[in-house]
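Remarks on the overall topology
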Amino acid sequence: MRRPFKPRNTERAQELRRQATPAERKLWQYLSKRQLHGYKLSRQIPIDPYVCDFVCRSEKLIIELDGYSHETAQKANANRTRYLQQQGYRIIRFTNDNVFQNVEGVLVEIQKYLQSLDRPTPSPSRLREGRIKERPSRLREGRK
């Protein structure tokens, strides 16, 4: 059965992608194209009324970068965090300064968090899953 269509604020998400902060652009260089151990992350993703900086949908993980504007809106951030957690998401936060001064450390923390979920890596080989049978090599069969 198909789930009912839920409209999303994709126009706002597209605008935020075009106007990404320097910290978001820098971190995205390392998170895009499944560079972080094969996990697919997306940026500026609408989740109900909110647009999240980075989202790993398969692990229901949100990565937020907090700059000056987040410091001035702590109550709104608390409400947003509570709402997203009620939707089943986990949220980890980093400051923009942390991304600029220690991007390797930020990536290690994200990687540790994803690995702590104790799940198999995404996109495991079909051979390892048993979906395809191992084929004998031509050399083992005596053919060249």
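As shown above, the structure is provided for reference.
Residues numbered from 1 in each chain as written. Predicted model: local features only at pLDDT ≥ 70, side-chain atom pairs only at ≥ 80, totals over all residues. Heavy atoms only, no water.

In an α-helix, one turn spans 3.6 residues; hence positions three or four apart end up facing the same way. Turning to helix H2 (residues 22-31), its buried residues are Ala23, Glu24, Leu27 and Leu31. Buried residues of H2, seen end-on, are gathered within an arc of 95° and therefore sit on one face of the element. For H2, the exposed residues set more than 90 degrees away from the buried face come down to Pro22 and Gln29. Of the surrounding elements, those touching the buried residues of H2 are strand S1 (42-47), strand S2 (50-56), strand S3 (61-66) and helix H5 (96-116). Immediately beyond the C-terminal end of H2, within one or two residues, lies Lys33, with a positive phi of roughly 55°. (Buried < 20%, exposed > 50% of the residue type's maximum accessible area, 1.4 Å probe, protein only. Helix = DSSP H or I, 4+ residues; strand = E, 2+ residues; numbered from the N terminus. Arc of directions from axis to C-beta. Contact = heavy atoms within 4.5 Å.)

Next up on the list: the pairing of S3. Burial runs high along S3: six of the six residues are buried. The alternating pattern of S3 places Leu61, Ile63 and Leu65 on one face and Ile62, Glu64 and Asp66 on the opposite face, and all of these are buried. Across three bridges, the pairing between S2 and S3 is antiparallel. Note on S3: the bridge partner recorded for Cys56 is Leu61. In this structure, the hairpin formed by S2 and S3 is closed by a connection of four residues, where Lys60 is found at a positive phi of approximately 50°. Where S3 and strand S4 (residues 90-95) come together, six bridges link them in parallel fashion. (Pairing = 2+ DSSP bridges.)

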